[in-house]
Structure formats: structure tokens, C-alpha cells
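Below are the chains, spelled out letter by letter.
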Amino acid sequence: ATVTQSKYYSVTDDIDFTNKKYYALGTNTNKFNGNINGNMHTISNISLLGASYLGLFGYNIGTIEGFVFDYITASALEQYVGGVVGYNEGTINGIKLRNISVTSPCTSQSFIYVGGVVGYNKTPATIKNVDVKGTITATKSDVSGIVGYNNGAVTNAVFSGTVTGDTYIGGLAGEHYTGSLS
């Protein structure tokens, strides 16, 4: 059973994951569909390593808002990796990411979708009011400081840092198919 379906969560304090295990919320078979408000508290020192659908939230169809994420490292061996969400069909609003590193050394896929906030942003997905500082690195295509691949809506996004990849590389979107960037 999906425990995140239509649930509301509110974070009431900063959380430091130094020497603690973090388990990502939402997978491609059990999508995060809740509403979580960080109330601008800081979540820090998380290191993620996995195959696909990797981020603090692996697959999101809910709402994630009001967080500061600091010292987040996400390294996916395959596709769909983001500092916040690997694959997004939901809403992300009011997020600050500091000292982040998002990587994918994948060579087996042509498109890997790596982003500072979201790897793959699919309609009706919305990303708004995000501020990212970090390093985004991939060996293949669709790599960006905000969203690797976009066909949703991105509004009021700022990226500062370094983006490295093979093709379809950008500060805001690696590949913008449809949707909007403003």
C-alpha cells in the first residue's frame, strides 16, 4: 500500500543526516503523492547512490515545497537523477539547494536526464521559485542546473555552478521539449 497517497507532512525542525541513512521517498512503482512542506527548514548531509529514479524523492506526483537542502550528493548509475526529484510529474515550489553534487556516469543509455532540481520534468509538472548552487555532471545528454529534460513548467529558477555533459546541456534546461521556461 502507498503510505504517501494524499497525506500532508510538515517539517518542524532542521534535520542533519550526518552518519545516518536516508531512504528516498517515491519510486517508479510507488510514486510520492503527498504534500510536504519543509517550512524553510534545512535538510543536510545526504548522500544518495542508486540506479534510476534517484533524488531525495525518486518519483514525485505530489507537492514538495519550502525546503533548504544543503550538502546533497546524488549519483545515479543510469537515468533520471535530480537533486530533489529524479522523475517529476508534481509540483516543486520554494526550494533552495546549496552545495549539491548530482552526477551520472552512465554510458549504457543515450539520454540520462540529470538536473540540479529534477532529472525529467513531465507535464503537468511545475517547478517554481528554486535557487540552486552546485555541480551537475553526466557522461551523456540532457544535463542541466535546474532540469535535465523539460516538458512541464519552470518559473523563477536560478542556477549558479558548473554543468558538464555530452549533448543537450544548459543552465536551466538541458533539453526543453514543450511546456514553459520563464
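Above this text is the structure in question.
What this report covers is the structure whose coordinates are included nearby. (Residues numbered from 1 in each chain as written. Predicted model: local features only at pLDDT ≥ 70, side-chain atom pairs only at ≥ 80, totals over all residues. Heavy atoms only, no water.)

## Regarding the packing of aromatic side chains
- Counted under the stated rule, the structure contains 18 aromatic pairs.
- Geometrically, the ring pair formed by Tyr9 and Phe32 is tilted, given 6.4 Å between the ring centres and 35° between the ring planes. Of this pair, Tyr9 sits in strand 1 (residues 8–10) while Phe32 sits in the loop between strand 2 (15–16) and strand 3 (35–50); the two residues are 23 residues apart in sequence, bridging distant segments of the chain.
- By relative accessible area, Tyr9 is classed as partly exposed at 33%.
- Given a relative accessible area of 1%, Phe32 falls into the buried group.
- Summarising the aromatic geometry, the rings of Phe67 and Phe69 are spaced 5.0 Å apart at their centres and angled 15° between planes, so their arrangement reads as stacked. For the pair Phe67 and Phe69, one class covers both residues: buried.
- Aromatic rings pair up to connect Tyr53, Tyr59, Tyr80, Tyr87, Phe111, Tyr113, Tyr120, Tyr149, Tyr168 and Tyr177 into one cluster.
- Over the aromatic face of Tyr23 sits the side chain of Lys21, whose NZ or CZ is 5.5 Å from the ring centroid.
- Just above the ring of Tyr59 sits the side chain of Lys31; from NZ or CZ to the centre is 4.8 Å. (Phe/Tyr/Trp six-rings, centres within 6.5 Å; stacked < 30°, edge-to-face > 60°. Helix = DSSP H or I, 4+ residues; strand = E, 2+ residues; numbered from the N terminus. Buried < 20%, exposed > 50% of the residue type's maximum accessible area, 1.4 Å probe, protein only. Lys NZ or Arg CZ within 6 Å of the ring centre and 35° of its normal.)

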